[in-house]
Amino acid sequence: MLNKEIHLFNAPAKSKATLAVSFAFPNTYEIGMSSLGYQLVWWLLEQDPDTAVSRVFTDCQEDGWLNADLAGFTLSWELDYINVLSILKEMSVAPLSQSRNNGDPIVFGGGPVLTANPEPYAEIFDVILLGDAEVTIPAFLNACKETRHMQDRLQRLEAIAQTPGLYVPQFYAYKADKAGPLQSVFATSELVPKELVKQTYTAPEDYIAHSLMLAPDTTFGDTFLIEVVRSCPQECRFCLASYLTRPFRAASVDNLIATIDSALPYTKKIGLLGPSITEHPQFDRLAGELMKRPEIQISVPSVRADSLNPLIVEMIKKLNQKSVTIAIESGSERLRAIMKKNLTEEEILQAVNLLHAGGIKNIKFYSIVGLPGEEQKDLEETVRLMTQLKKAYKQMHFVLGVSSFVPKAQTPFQWSGRDRKSGDKAEFLRKSLSRIGIEVRPESHNWSDIQAVLARGDRRLTPIMLSVADNGGKLGAWRKAFRQAPDGCPDQDFYAFRNIPHDETLPWSHITQAAKGQMLLKHNLDALQRS
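Our subject in this report is the structure included herewith. In this text the structure is predicted, and so the values were computed from the model without any measurement.

1. Description of the packing of helix 2 (residues 36–46) against helix 5 (residues 133–146)
Look at helix 2 against helix 5: their axes get within 10 Å of each other, and the N-to-C directions meet at 35°. Viewed along their axes, helix 2 and helix 5 form a crossing whose handedness is right-handed. Within the contact between the two elements, helix 2 uses Leu40, Val41, Leu44 and Leu45 and helix 5 uses Ala133, Glu134, Ile137 and Leu141. Broken down by class, the residue content of the contact of helix 2 with helix 5 amounts to seven nonpolar, no polar and one charged.

Listed below in structure tokens is the structure:
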């Protein structure tokens, strides 16, 4: 796999590298190298002349990975923590930070899961990087170099913790009611910040995040990935991508085109990335420039229905994308208003009509069941809307992907619990729509329950998580671990299903600035008012 890669840019020469870094994506090579985020962090590490970087995946590794000064992980899916523990075991590194010795590598981690709520994983990592990698990776490397003379591990970590955006969980603790809500989260050292601030990258005008290599044995093996926008201006209230990566930033069209042109000698397939790329303020211009290059084939992720226009549809068709994905979340106008989707039924109908007129025959819709405030009539509205579309466009192929709401830390819906009837609701949509020829693809609501536990969890989950990892990681292992949980550990319902009072201390409160907390609360109260 590794020997088939095509490197698009030259890495700097490393004649005197003094810091050995093992950098892991805790899943397979195919999944890891399909992640632009992983490639970006690898490149940021690789560009430092003092570091020698070895990539690590669950099914392959680069030479030197077992002998590291720093062991890093990017975590984009909660349940990948099990693979983090497996990799540490192979490296002969203790699973918990407090058990490591002075000679052990510093274990660091980053990514959306850890930036949103690091607390369930806090005892695994020595250092957690909060925010954009373009800021935190150079800062972390500099801190490690400046402290490498320190022999005492705790003293070194305490010094590293003084760098903005570098969270060292060992110097923070909590008080809690027994198996109940947290009372407080606080720093245990006077040298570390009481509250942490997520770091945001202010990019120079010529900056573009893009693929650094093509990896044939991956999902996007011959596709050049390029970030068009970061974050989303709509800020739907359930959406972690919107609130975690604020503010919304759009790349320069001139630089996007120049970067794409630089990749064309290697591949004609281009993947445009971002939570809502068609909301780039100059997307029409970008589309026009791309159509001047008819030899390329583009892939576009989910697009907002209200941003589609004839030019964008023409680009999609002309540059060989066969299908389009639209996230409607619900067919109910009432529920879309609660979640702040800012999308009318008229705009959805107009988007489908534009795609049909443009010759696009395949549309995948995304929907979510179990959202706060949802009622049976909202599900019936989804069935009605999809039925109306199918009757109007009989020759088009519609797929409805159905996920269930998982509350995410640092979003306005972080206080809302899971809906126990999510599975039944997804099945209602499947039965209602499959009979009229619409393919419905529901996700596993049982695994979404576990995802919610980790998304809103705290450090009391550590023995649960270790037990699950030791017993195979399946659903049965989670049930067993909760049944055998030690005193003081809340049950699954506490983390996943209950509605959290607004005045309760959240596990991630010390990494959420007060102004952002107030903004999230304002959104939550507005949603409750509309319910």
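2. A word on the layout of surface pockets
The computed volume of the second largest pocket comes to approximately 440 Å³. When contributions to the lining of the second largest pocket are tallied by element, the ones reaching two or more residues are strand 9 (182–187) and helix 19 (514–530). By residue number, the principal contributor to the lining of the second largest pocket is helix 19, which donates five residues. Among the residues making up the lining of the second largest pocket, the classes are represented as nine nonpolar, nine polar and four charged.

3. Details of unusual backbone geometry
Following Arg246, the chain continues into Pro247 via a peptide bond in cis, with omega recorded as 0°. One can find Pro247 in the loop between helix 7 (240–244) and strand 13 (249–250). If you check the backbone angles, Asn320 has positive phi at about 75° while not being a glycine. Although it is not a glycine, Glu329 sits at a positive phi angle of roughly 65°. With respect to the secondary-structure elements, Glu329 resides in strand 16 (residues 323–329).

4. A short note on the nonpolar core
Grouped together as the largest cluster of nonpolar side chains are 94 residues, with contacts concentrated most on Tyr81, Val127 and Trp478. No other element matches helix 2, which puts seven residues into this core. Setting aside residues up to four positions removed in sequence, Tyr81 forms contacts with Leu75, Tyr121, Ile124, Leu454, Met465, Val468, Ala469 and Trp478.

5. Description of the pattern of salt bridges
All chains considered together, the criterion is met by 38 salt bridges. Here Glu375 and Lys377 are joined by a salt bridge, their closest N and O atoms 3.5 Å apart. Overall, the relative accessible area of 37% leaves Glu375 in the partly exposed class. Notably, a salt bridge pairs Glu427 with Arg430, separated by 2.6 Å at the nearest N-O pair. Of the two residues, Glu427 and Arg430 both sit in helix 14 (residues 422–434), three residues apart, roughly one turn of that helix. Judged by its relative accessible area of 28%, Glu427 is partly exposed. You can call Arg430 partly exposed: its relative accessible area is 30%.

6. Observations regarding the sheet that holds strand 19 (residues 439–442)
If you walk across this open sheet you meet the four strands as 16-17-18-19, and the pairing is parallel. Each edge of the open sheet is held by one strand with a lone partner, namely strand 16 and strand 19. The sheet shows a mean angle of 20° between the axes of neighbouring strands, direction not considered. Relative to strand 17 (residues 362–369), strand 16 is paired through six bridges, and the arrangement is parallel. By the bridge assignment, Ser323 is partnered in strand 17 with Asn362. Across the sheet, helix 12 (residues 345–357) is in contact with strand 16, strand 17 and strand 18 (397–404); its angle to strand 16 comes to roughly 175°.

7. Quick notes on helix 16 (residues 462–470)
Structurally, the α-helix is built with 3.6 residues per turn, so residues lying three or four positions apart point the same way. Buried within helix 16 are the following residues: Thr462, Ile464, Met465 and Val468. Taken around the axis of helix 16, the buried residues stretch over an arc of 160°, which confines them to a single face. Packing partners of the buried residues in helix 16 comprise helix 3 (81–90), helix 15 (445–455) and helix 17 (475–483). Downstream of helix 16 by one or two residues, Gly472 has phi in the positive range, about 100°.

8. Description of helix 9 (residues 283–291)
Within helix 9, burial applies to Phe283, Leu286, Ala287, Glu289, Leu290 and Met291. Those residues of helix 9 hidden inside the fold are in contact with helix 8 (253–263), strand 14 (269–273) and helix 10 (310–318).

9. Focus: the packing of aromatic side chains
The final tally for this structure, using the stated rule, is 15 aromatic pairs. Aromatic side chains Phe25 and Tyr38 sit 5.8 Å apart centroid to centroid with 90° between the ring planes, which places their arrangement in the edge-to-face category. Here Tyr38 lies in helix 2 and Phe25 lies in the loop between strand 2 (19–24) and helix 1 (29–32), a separation of 13 residues in the sequence. Classification of Phe25 by relative accessible area gives buried; the value is 3%. On the accessibility criterion, Tyr38 (1% relative accessible area) is buried. Three or more aromatic residues joined by ring pairs make a cluster, and in this case those are Phe23, Phe25, Tyr29, Tyr38 and Phe57. Just above the ring of Phe494 sits the side chain of Arg498; from NZ or CZ to the centre is 3.9 Å.

10. A few points about the environment of Ser432
Tracing the backbone through its elements, the reader meets Ser432 in helix 14. Linking Ser432 and Thr382, residues 50 residues apart in sequence, is a C-alpha distance of 9.9 Å.

11. Quick notes on the pairing of strand 8 (residues 172–176)
Each regular strand displays side chains that alternate between the two surfaces of the sheet. Pairing geometry for strand 8 and strand 9, over five bridges, is antiparallel. Bridge pairing links Ala176 to Leu182 in strand 9. In sequence, strand 8 turns back onto strand 9 through a hairpin of five residues, with Ala179 there showing a positive phi of about 55°.

So, how was this worked out
- Residues numbered from 1 in each chain as written.
- Predicted model: local features only at pLDDT ≥ 70, side-chain atom pairs only at ≥ 80, totals over all residues.
- Heavy atoms only, no water.
- Axes fitted to C-alpha atoms, helices over the stretch in contact; angles between N-to-C directions.
- Helix = DSSP H or I, 4+ residues; strand = E, 2+ residues; numbered from the N terminus.
- Left-handed = near helix turned anticlockwise from the far one by under 90°.
- Contact = heavy atoms within 4.5 Å.
- Nonpolar A, V, L, I, M, F, W, Y, C, P; charged D, E, K, R; others polar.
- 1 Å grid on protein atoms, 1.4 Å probe; cavity = no way out; pocket = protein on both sides within 12 Å on 5 of 7 lines; lining within 4 Å.
- Points joined across faces, edges and corners; volume = space filled by probe spheres on them.
- Core = buried A, V, L, I, M, F, W, Y, C linked by side-chain atoms within 4.5 Å.
- Buried < 20%, exposed > 50% of the residue type's maximum accessible area, 1.4 Å probe, protein only.
- Salt bridge = Lys/Arg side-chain N within 4 Å of Asp/Glu carboxyl O.
- Pairing = 2+ DSSP bridges.
- Arc of directions from axis to C-beta.
- Phe/Tyr/Trp six-rings, centres within 6.5 Å; stacked < 30°, edge-to-face > 60°.
- Lys NZ or Arg CZ within 6 Å of the ring centre and 35° of its normal.

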